[in-house]
Structures are given as C-alpha cells and as structure tokens.
Amino acid sequence: MARKRRASNAKSHPKPPNPPKRSREKRRDLQTTVKPKNIEQKDLFNALRDDSTRYIAATGLAGSGKTFIATHYAMEQLMASKVDKIVLLRSVTQIAGEEMGFLPGSVEEKLQFFLQPMIANLKKFSNGRYEDLYNAKKIEIAPLAMIRGMSFENKAVLVDECQNVTSEIFKALLTRVDDTSKLIMMGDYKQNDKTSDKTDFEDICERLDDMDCFEWIELTKSVRSKNIQEILRRLGD
C-alpha cells in the first residue's frame, strides 16, 4: 500500500505579487529622445550642441518648441555629467501686468508656479529623477533680480520670458556666464508685457548677433497645434 505523504509543518511562502505595471501615460512622460521637426528647430539643436556658442537666444511664437528643446538639452547635459547644474531664471517683477505678490508662499514657491513650463519638461526628460536632482541642488531656480554677485561655471542656464527683461538685467546676466557654461534665453518679443514697442530682448539680440559666441534662432512655426498660427494671424500677431 502506498504510504500517504506526511504534510509538511513548514510554512508556505506565498508568491510575491507582481509589481504594478506603469501606465502608458507614465511611460510617455519619461521621454528622452527629441528630434527637430523643422529646419528652424534643427538650427536650434545645432546651436545648442556647438561648444563655441555660449549664448543662445531662441525667439518665436507660442508652441514653436523653444522651451521643449532647451530643457531637453539641459537635462541631457546634466544626466551625462557635462554640466554640474541646471539653473532656471525668470523675472519676478511683472508678468502680464500681475505682480508676484498676489500669490501665496515664498519667492521660490512663486517661481515654481511661473516656471512650470520648464519644470514640466525637465521632469519628462529626467527618467523620474527630477525630485532627487532638485533636492541634491542639481537643479536651481532663482529670480533674475538675484543674479548680481552670482557666477555661472559649468552650468546650463535657462531664462524664460525674456521679452520682459530689462537691458540692465541682461547686462548683469550676460557677464556672469563663463566659457564652461551655456546661457539659453527664450521669449517672444512680439508678446511684450512692457509698454514700449521694442523690447530690450530684441535690442540685445540685434547688438550681439554678429558675435561668434552668440546665436539668435527665430522659430516661426508652431508645432504644438496647427491652429495656433491661424489664431495668432486672426488676432493680429
């Protein structure tokens, strides 16, 4: 007669549950490859990758890819240890006629709100490491008014909404970037929150355009939506 197998007293170990699958939406947010969609974007890519170019002005209408391409380049350089830090700068004095005082929180917390376009893109390109990089002070945000006394060595410095920056701030900014850093200035001087017809940003671009270390790239095509250019045309851009 076959002997019955005695039940083991050992505790059974349940199979660990499978880790939850990442959603497709989350995977799209970890995008790391960006390719130019037109000749103007290709010119911006080339300028960013040119080691002899230290100052880049990317001007153009909404949705043309200025911020998207610049933040991709900055994060790519940081992840490859080609720069020590990404610095995000923006004016805190006036944005579309609104003073920053109307928002609660510290200056840094207010800047977080207004820098969301750049921060959101950096998160996309960081492979989920944005918070770690920020906490490790590899990503720094600051108001433009604080740049006096600062110096930028081996950094990718991104400045948004430059059409609202004054010539005095531009002078202070441009003279604080050394030959190991890259300054990327973005804006649309046709969308000027100041009262003057010609912005200081446009004036700076015209004055520096023939310098070997400076590149001025104008992006005239919106890649965000085919409707944007027609909307701007009808609204009198």
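The structure this text deals with has already been given above.
Residues numbered from 1 in each chain as written. Predicted model: local features only at pLDDT ≥ 70, side-chain atom pairs only at ≥ 80, totals over all residues. Heavy atoms only, no water.

### A few points about the nonpolar core
Then step 1. Grouped together as the largest cluster of nonpolar side chains are 33 residues, with contacts concentrated most on Leu44, Met75, Ile86, Leu88, Ile139 and Leu158.
Then step 2. The leading source of residues in this core is helix α3 (residues 66-79), at six residues.
Then step 3. Among the nonpolar cores identified, the runner-up in size contains 27 residues, and Leu173, Met185, Cys205 and Phe214 belong to it. (Core = buried A, V, L, I, M, F, W, Y, C linked by side-chain atoms within 4.5 Å. Buried < 20%, exposed > 50% of the residue type's maximum accessible area, 1.4 Å probe, protein only. Helix = DSSP H or I, 4+ residues; strand = E, 2+ residues; numbered from the N terminus.)

### Some details on the pairing of strand β4 (residues 155-159)
Then step 1. Most of β4 sits inside the fold, with five of its five residues counted as buried.
Then step 2. Here β4 shows no split at all, with Lys155, Val157 and Val159 on one side and Ala156 and Leu158 on the other all buried.
Then step 3. Across five bridges, strand β2 (residues 85-90) lies against β4 in parallel orientation. Residue pairing across strands places Leu88 opposite Leu158, the latter belonging to β4.
Then step 4. As paired elements, β4 and strand β5 (residues 182-187) share four bridges and run parallel to each other. (Pairing = 2+ DSSP bridges.)

### Here's the deal with a negative patch on the surface
Then step 1. On the surface, Asp43, Asp209, Asp210, Asp212, Glu215 and Glu218 cluster together to form a negatively charged patch.
Then step 2. Residue placement: Asp210 occurs in the loop between α8 (200-208) and β6 (214-219).
Then step 3. For Asp210, a relative accessible area of 68% puts it in the exposed group. (Patch = residues over 30% accessible without salt bridge, like charges linked within 9 Å, V, L, I, M, F, W, Y side chains within 5 Å. Areas by Shrake-Rupley, 256 points an atom, 1.4 Å probe, with all protein chains shown as cover. Salt bridge = Lys/Arg side-chain N within 4 Å of Asp/Glu carboxyl O. Lys, Arg positive; Asp, Glu negative; His and termini not counted. Charge placed at Lys NZ, Arg CZ, Asp CG, Glu CD.)

### Focus on the pattern of salt bridges
Then step 1. Applying the stated criterion to the full structure yields six salt bridges.
Then step 2. Lys221 is the partner of Glu40 in a salt bridge, and the nearest nitrogen-oxygen pair spans 3.7 Å. A residue pair is termed long-range when its members are at least 10 positions apart, and Glu40 in helix α2 (residues 39-49) and Lys221 in the loop between β6 and α9 (228-234) qualify at 181 residues.
Then step 3. Assessed through its relative accessible area of 14%, Glu40 is described here as buried.
Then step 4. Lys123 is the partner of Glu131 in a salt bridge, and the nearest nitrogen-oxygen pair spans 4.0 Å.

### Remarks on α2
Then step 1. Listed in full, the buried residues belonging to α2 are Glu40, Gln41, Leu44, Phe45, Ala47 and Leu48. Projected down its long axis, α2 shows its buried positions confined to an angular sector of 165 degrees, all on one face.
Then step 2. Of the residues that open α2, the one with a side-chain oxygen 3.2 Å from the backbone nitrogen of Glu40 is Asn38. (Arc of directions from axis to C-beta. Polar contact = N/O pair within 3.5 Å; in protein donor to acceptor, adjacent residues only side chain to side chain.)

### Observations regarding the packing of aromatic side chains
Then step 1. Scanning all chains against the criterion turns up four aromatic pairs.
Then step 2. Ring centres of Phe68 and Phe125 lie 5.3 Å apart, and the angle between their planes is 70 degrees; this geometry places the pair in the edge-to-face category. On the criterion of sequence distance, the pair formed by Phe68 in helix α3 and Phe125 in helix α5 (residues 116-125) is long-range, its members being 57 residues apart.
Then step 3. For Phe68, a relative accessible area of 26% puts it in the partly exposed group.
Then step 4. Overall, the relative accessible area of 4% leaves Phe125 in the buried class.
Then step 5. Ring geometry for Phe170 against Phe201: centres 5.7 Å apart, planes inclined by 15 degrees, an arrangement best described as stacked. One end of the pair, Phe170, is in helix α7 (residues 167-174); the other, Phe201, is in helix α8, with 31 residues separating them in the sequence. Grouping residues by exposure puts Phe170 and Phe201 together as buried. (Phe/Tyr/Trp six-rings, centres within 6.5 Å; stacked < 30°, edge-to-face > 60°.)

### Observations concerning the sheet that holds β2
Then step 1. Spatial strand order, β3-β2-β4-β5-β1-β6: six strands in an open sheet with parallel pairing. In this open sheet, the two strands that pair with only one neighbour each are β3 (139-143) and β6. The sheet shows a mean angle of 15 degrees between the axes of neighbouring strands, taken without regard to direction.
Then step 2. Pairing analysis gives five bridges linking β2 to β3, with the strands arranged parallel. Bridged to Leu88 within β3 is Ile141.
Then step 3. Contacts from α3 reach β1 (55-60), β2, β3, β4, β5 and β6 within the one sheet, and its direction differs from that of β5 by about 160 degrees.
Then step 4. Relative to the sheet, α7 contacts β1, β2, β4 and β5, its axis offset from that of β5 by approximately 155 degrees. (Axes fitted to C-alpha atoms, helices over the stretch in contact; angles between N-to-C directions. Contact = heavy atoms within 4.5 Å.)

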